Amino acid sequence: MDPTPTQEAATLIVIDGAGSYGATFTAQLVAAGLTVAEALDVPATTRYRRGKSDTVDAVAIAQTARSRDLNQLCWPRAAGDRTVLRVLTAARDQMSGERTRAVNALTALLRTIDLGITPAAP
């Protein structure tokens, strides 16, 4: 992937997760000749004021990208082993969070609902 486009690029596509979950989509867009950048972090104050939704995030990401010079944007790295490791690490982190949420939900249910079962003595 060509990391830095010229100022004459007609369209700039900014993708949240271009280096992880969006890596395949990013590679396809770059192969089609489009200019792709990684989404910058949206300030917490923006999320706090507007709430959290895909629409709010998309608008905030676009506004953040438009307010920066091209050399201040983050450009996706070339595909390869690093990309694979980033995708796997991101997937592991997400699955770990989902597992924790599921265990917490089950624990909360067991503590609030009487199932009529007494724990076995150790």
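The preceding data block contains the structure.
Residues numbered from 1 in each chain as written. Predicted model: local features only at pLDDT ≥ 70, side-chain atom pairs only at ≥ 80, totals over all residues. Heavy atoms only, no water.

(A) Summary view of the overall build of the chain. Secondary structure assignment for the chain yields 4 helices and 2 strands. The linear arrangement of helices and strands in the chain, starting from the amino end, is β-α-β-α-α-α. By element, 57% of the accessible surface of the chain is carried by carbon and sulfur atoms, the whole surface being about 9200 Å². (Helix = DSSP H or I, 4+ residues; strand = E, 2+ residues; numbered from the N terminus. Areas by Shrake-Rupley, 256 points an atom, 1.4 Å probe, with all protein chains shown as cover.)

(B) Fine view of the pattern of salt bridges. One pass over the structure, following the stated rule, counts 1 salt bridge. The shortest N-O distance in the salt bridge between Asp93 and Arg92 comes to 3.6 Å. Classification of Asp93 as partly exposed rests on a relative accessible area of 46%. (Salt bridge = Lys/Arg side-chain N within 4 Å of Asp/Glu carboxyl O. Buried < 20%, exposed > 50% of the residue type's maximum accessible area, 1.4 Å probe, protein only.)

(C) Focus on the side chain of Thr64. Relative to the elements of secondary structure, Thr64 occurs in helix 3 (residues 54–66). By relative accessible area, Thr64 is classed as buried at 10%. Only 2.8 Å separates the side chain of Thr64 from the backbone oxygen of Ala60, close enough to count as a polar contact. (Polar contact = N/O pair within 3.5 Å; in protein donor to acceptor, adjacent residues only side chain to side chain.)

(D) Quick peek at helix 4 (residues 81–112). Given a rise of 1.5 Å per residue, 32 residues ought to cover 46 Å, and the 47 Å separating the end C-alpha atoms of helix 4 matches this to within 8%. Along helix 4, the residues that are buried comprise Thr83, Ala90 and Ala91. Of the surrounding secondary structure, the elements contacted by the buried residues of helix 4 are helix 1 (23–31). (Expected span 1.5 Å × (residues − 1). Contact = heavy atoms within 4.5 Å.)

(E) Structural view of a nonpolar patch on the surface. Nonpolar side chains collect at one region of the surface, where Leu106, Leu109, Leu110, Ile113, Leu115 and Ile117 lie side by side and expose about 630 Å² of accessible area between them. Tracing the sequence through the fold places Ile113 in the segment after helix 4. A relative accessible area of 43% means that Ile113 is categorised as partly exposed. (Patch = residues over 30% accessible without salt bridge, like charges linked within 9 Å, V, L, I, M, F, W, Y side chains within 5 Å.)

(F) Spotlight on helix 3. Its 13 residues give helix 3 an end-to-end C-alpha distance of 18 Å, which sits within 8% of 18 Å, the value for a rise of 1.5 Å per residue. Those residues of helix 3 not exposed but buried are Val56, Asp57, Ala60, Ile61, Thr64 and Ala65. Seen from one end, helix 3 has its buried residues packed into an arc of 155°, which puts them on one side. In helix 3, the exposed positions that point more than 90 degrees away from the buried face belong to Thr55 and Arg66. (Arc of directions from axis to C-beta.)

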